[in-house]
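Now for the letters of each chain:
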Amino acid sequence: MEVSEKWRIVHKMSEPPSPPLPPAWHEEGNPHLRGGRVENHLEKKPPVRPTEIRTSISPSSAVELNLTSALANYTTEAGKTTPSSPDRDSNLDLRVLSSRARHDKRFGQLRHRGGSCHLYSFIFQFIYLAFFRTTSYFGIPDAPSHTNLVQMILTLKLVGLAFEVHDTAAASARKVDGGSDMESTSKDEAISINPGFLDIFHYSFAYIGVLTGPYYSYRTYHDWLHAPFSDYAPCYEEMLRKFKLVPLYAAVFLLVSYIYPIQYATSDEFYNERSTLYRFWYMWPTFLIFRMRIYIGMTLSECVCITAGLGAYPAFTDPKSGQGPTKEYHHLKEISTNPEKASKELYSFETVHNLDASKTEFATTMRESIRSWNMTIQYWMAVNVYKRLPRSPFRTAITTFVSAFWHGMYAGHYLCICSTALYIPVEDLYARHLRKKVSSMFGKIYDWMLCYIRMLSFSYMGITFILLRIDAAFKYWASIYFACHILWAVLYVVGFVLIKRGKKKVDTDTKSK
């Protein structure tokens, strides 16, 4: 048989049809994400002409590895009868160059898709979310209310997945261009993904978090399936620790909702026969009912994740809510393939931590309280909206609007969430310029007063989130004379005047010296 004919037969037999890629954690992991070089010495160097094929692994070289494997198999067999020949070497070089050209073209297409898929996904998913909530305007019956929750989580997952694909392509491009150090390379490997169609389908409709969250990335989902961490994490103990407060939340919810039903706040009796002070007070128990309901749902959803082992990572990686590991990526990769080491680690479920009720209730500032509420969604908004926008004064406003749009189409959602943009500047004014001037004696009193104002403002804004309709929301605010809006304006003016006087006093003292 001719050498060239034998080459074609062996090459065709040794190249499997699109093999599935192994998990990115393992050493033999995804060559799209790893980079580096592989050397294949087809035979020991003879004194005359060596046959050495050295190929740089590009991010699209999975097939190229099959090619070099075929070459090695062919050389081993052919070397029994014929030494290396110039004709055969030339034939192999042409095939390698042709393969490299095809793979570089595919990688160029991957980089192009990675540069725009996240934008297409973001626009499409949010347009579809709006359509899903307004089907009655198109002659389609409204979907059941619980399906809205499913659609909300799907929107976060699919848009977040598109951003992960985009970041993976960007990381691959940096590696090819040689613009990554060792630490950055390890981080890129830890966050890189390469999902297929079925992977995306299973991730999107995974029963964990499909109704109430929390949001978790595809990388977290992938590690749950392929890394051994969930086998050694104390899932049962951690679940019990989370669950122990649920009965308290449920008891408060049932008791307060029985005494102060939200429906009463929309009745004629509430506005015609109750005093202004009573109506002002009523927003406190109403918002307490809302918080307890959210606490129950978020805590139980965390318990489901923890019971399944989703989101378990070694504690030394310092995992963050929604994000996962933030450091020690190389060590994480090492123990992910070593069950003995993995069994000795301490584990954290911070990745799926969605609520810190104590900080939400007792935080001094609204910023801190908001960051402790729906934490995985806060992460999603920060990473996929806020940080992707160019630096400008409108970044916060745009992120707040996207958050309100994701929550719903009712005016109450926008009145509640966007009102934070009116209160937080007041809070920042006092925190940055006046809090440090308060003596330690009055510091705690100051903090408790600020905590009271923060919770009062939360309740004032939260009532619109509960009432939903714009007429009901403004009717309630008007019945208490827009009290908190006036309070915020007064606090801002007073704080501004105090800061001006302080600066004048400093200037006067400086001149006198």
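As the structure is a prediction and not an experimental result, all values here were calculated from the model.

**Q** Would you take a moment to explain the side chain of Gln 151 for this structure?
**A** Of note, Gln 151 is situated in helix 6 (residues 145-177). Setting aside its immediate chain neighbours within four residues, Gln 151 contacts Gln 125, Tyr 128, Leu 129 and Phe 132.

**Q** Is there a simple way to explain a nonpolar patch on the surface in this structure?
**A** A contiguous nonpolar patch, built from Phe 124, Tyr 128, Phe 131, Tyr 137, Phe 138 and Ile 140 and spanning about 680 Å² of accessible area, is present on the exposed surface. Looking at the secondary structure, you find Ile 140 in the loop between helix 5 (117-133) and helix 6.

**Q** When you look at the packing of helix 20 (residues 395-407) against helix 21 (residues 411-418) in this model, what are you seeing that I'm missing?
**A** When two helices pack together, their arrangement is given by the angle between their axes and by how far apart the axes lie. Two elements in contact, helix 20 and helix 21, have axes separated by 9 Å at closest approach and are oriented at 145 degrees. At the point where helix 20 passes helix 21, the crossing takes the right-handed sense. Facing Thr 400, Phe 401, Ser 403, Ala 404, Phe 405 and His 407 of helix 20, the residues of helix 21 in contact are His 413, Tyr 414, Ile 417 and Cys 418. Residue classes in the contact of helix 20 with helix 21 are distributed as six nonpolar, four polar and no charged.

**Q** Teacher, can you tell me more about the UniProt feature "transmembrane region" (unreviewed entry) in the protein chain here?
**A** Here, UniProt's "transmembrane region" (unreviewed entry) annotation points to residues 119-140, 200-218, 246-266, 278-296, 445-470 and 476-499. As annotated, residues 278-296 comprises 100% helix and 0% strand, and the C-alpha atoms at either end are separated by 28 Å. Across residues 476-499, helical content stands at 88% and strand content at 0%; the span's end C-alpha atoms are separated by 34 Å.

**Q** Explain the packing of aromatic side chains here, please?
**A** Two measures describe an aromatic ring pair: the distance that separates the ring centres and the angle between the ring planes. Within the structure shown, the criterion is met by 39 aromatic pairs. Judged by centre distance (6.3 Å) and plane angle (40 degrees), the ring pair of Tyr 128 and Phe 132 falls under tilted. Residue Tyr 128 and its partner Phe 132 are both found in helix 5; the two are separated by four residues, about one turn of the helix. An aromatic cluster is built from Tyr 260, Tyr 264, Phe 270, Tyr 271, Tyr 278, Trp 281, Tyr 282 and Tyr 476, whose rings are joined through pairwise contacts. Here the guanidinium or amino end of Lys 157 rests over the ring plane of Tyr 203, the centre of that ring lying 5.1 Å away. The ring of Tyr 386 has Arg 395 sitting right over it, with the charged end atom 4.1 Å from the ring centre.

**Q** Is there a simple way to explain the layout of surface pockets in this structure?
**A** Where empty space is left can be seen by rolling a probe of water-molecule size over the atoms. Of the volumes computed, that of the second largest pocket is approximately 690 Å³. For the second largest pocket, the lining is made up of 29 residues, of which Asp 167, Ile 191, Gln 323, Tyr 379 and Val 383 are closest to its centre. Going through the elements one at a time, helix 6, helix 7 (182-191), helix 9 (218-226), helix 15 (329-336) and helix 19 (375-384) are the ones with two or more residues in the lining of the second largest pocket. Broken down by element, the lining of the second largest pocket gets its largest block of residues, six residues, from helix 6. Here the residues of the lining of the second largest pocket sort into 13 nonpolar, seven polar and nine charged.

**Q** Help me understand the packing of helix 5 against helix 20, please; the structure alone is not making it clear to me.
**A** Packing of helix 5 against helix 20 leaves a shortest axis separation of 10 Å and a crossing angle of 45 degrees. Compared by their axis directions, helix 5 and helix 20 come out oblique. Here Phe 122, Phe 126, Leu 129, Ala 130 and Arg 133 of helix 5 lie close against helix 20, whose contacting residues are Val 402, Phe 405, Trp 406 and His 407. Residues that form the contact of helix 5 with helix 20 fall into these classes: seven nonpolar, one polar and one charged.

**Q** Would you take a moment to explain unusual backbone geometry for this structure?
**A** A negative phi angle is the norm for most residues apart from glycine, just as the trans form is the norm for most peptide bonds. A cis amide bond links Gly 213 to the next residue, Pro 214, at an omega of 0 degrees. One can find Pro 214 in the loop between helix 8 (197-204) and helix 9. Although it is not a glycine, Glu 328 adopts a positive phi angle of roughly 55 degrees. As for its position among the elements, Glu 328 is in the loop between strand 3 (313-314) and helix 15. Classification of Glu 328 by relative accessible area gives partly exposed; the value is 43%. Phi is positive for Phe 482, close to 50 degrees, though the residue is something other than glycine. Looking at where Phe 482 falls in the secondary structure, it is placed in the loop between helix 24 (470-479) and helix 25 (483-512).

**Q** Is there a simple way to explain the nonpolar core in this structure?
**A** Soluble globular proteins tend to pack their nonpolar side chains together in the buried interior. Grouped together as the largest cluster of nonpolar side chains are 90 residues, with contacts concentrated most on Phe 126, Trp 380, Trp 406 and Tyr 476. Of the residues forming this core, the biggest block, 12 residues, is contributed by helix 14 (residues 276-308). When residues of this core are assigned to domains, at least three fall in each of domain 1 (115-205) and domain 2 (395-512). Excluding its chain neighbours within four sequence positions, the residues that come into contact with Tyr 476 are Phe 270, Tyr 271, Arg 279, Phe 280, Tyr 282, Met 283, Ile 463 and Leu 467.

Each value, and the rule that gives it
- Per chain, residues are indexed from 1 in the order of the written sequence.
- Reporting in this predicted model follows two pLDDT cut-offs: at least 70 for local features of residues, and 80 or more for side-chain atom pairs to be given and counted; totals over whole chains, interfaces and linings ignore these cut-offs and use all residues.
- Calculation of side-chain values draws on the structure's entire complement of heavy atoms; hydrogens and water are dropped beforehand.
- By definition, any uninterrupted DSSP run of H or I lasting at least four residues is a helix, any uninterrupted run of E lasting at least two residues is a strand, and each is numbered from the N terminus.
- In this description, contact between two residues means that some pair of their heavy atoms is separated by no more than 4.5 Å.
- Patches in this entry comprise residues that are over 30% relatively accessible and not in a salt bridge; like charges within 9 Å are linked, as are nonpolar side chains (Val, Leu, Ile, Met, Phe, Trp, Tyr) within 5 Å.
- Surface accessibility follows the Shrake-Rupley procedure with a 1.4 Å probe radius. Residue values consider only the protein chains on display as shielding.
- Salt bridge criterion: a side-chain nitrogen from Lys or Arg within 4 Å of a carboxyl oxygen from Asp or Glu.
- Where helices are involved, their axes are fitted lines through C-alpha atoms of the stretch in contact, as for all axes, and angles between N-to-C directions lie from 0 to 180°.
- Helix crossings are classified by the rotation of the near helix relative to the far one: an anticlockwise turn of less than a right angle makes the crossing left-handed, while a clockwise turn makes it right-handed.
- Here the nonpolar group is Ala, Val, Leu, Ile, Met, Phe, Trp, Tyr, Cys and Pro; Asp, Glu, Lys and Arg are the charged ones; every other residue, Gly included, is treated as polar.
- UniProt positions are given in the numbering used here, feature names are shortened, and annotations may be inferred rather than shown by experiment.
- Only Phe, Tyr and Trp rings take part, Trp by its six-membered ring, and two of them pair if their centres are within 6.5 Å. Stacked means planes under 30 degrees apart, edge-to-face means over 60, and tilted covers everything else.
- The criterion is that NZ of a Lys, or CZ of an Arg, lies within 6 Å of the ring centre and within 35 degrees of the ring normal, and then a charge sits over that ring.
- Within this scheme a cavity is a closed region of a 1 Å grid, computed over the protein atoms alone, that accommodates a 1.4 Å probe without allowing it to escape, whereas a pocket is open but has protein on both sides within 12 Å along at least five of seven lines; lining residues each have an atom within 4 Å of a point.
- Grid points are joined across faces, edges and corners, and a volume is the space filled by probe spheres set on the points.
- Convention used here: angles under 35 degrees read as roughly parallel, angles over 145 as roughly antiparallel, angles from 65 to 115 as roughly perpendicular, and any remaining angle as oblique.
- The rule is simple: take the accessible area with a 1.4 Å probe, protein chains only, and divide by the maximum for that residue type; under 20% is buried, over 50% is exposed, in between is partly exposed.
- In these notes, a set of buried Ala, Val, Leu, Ile, Met, Phe, Trp, Tyr and Cys residues joined through side-chain atoms within 4.5 Å is what counts as a nonpolar core.
- In this document the domain limits rely on a domain assignment from an automatic tool or a database.

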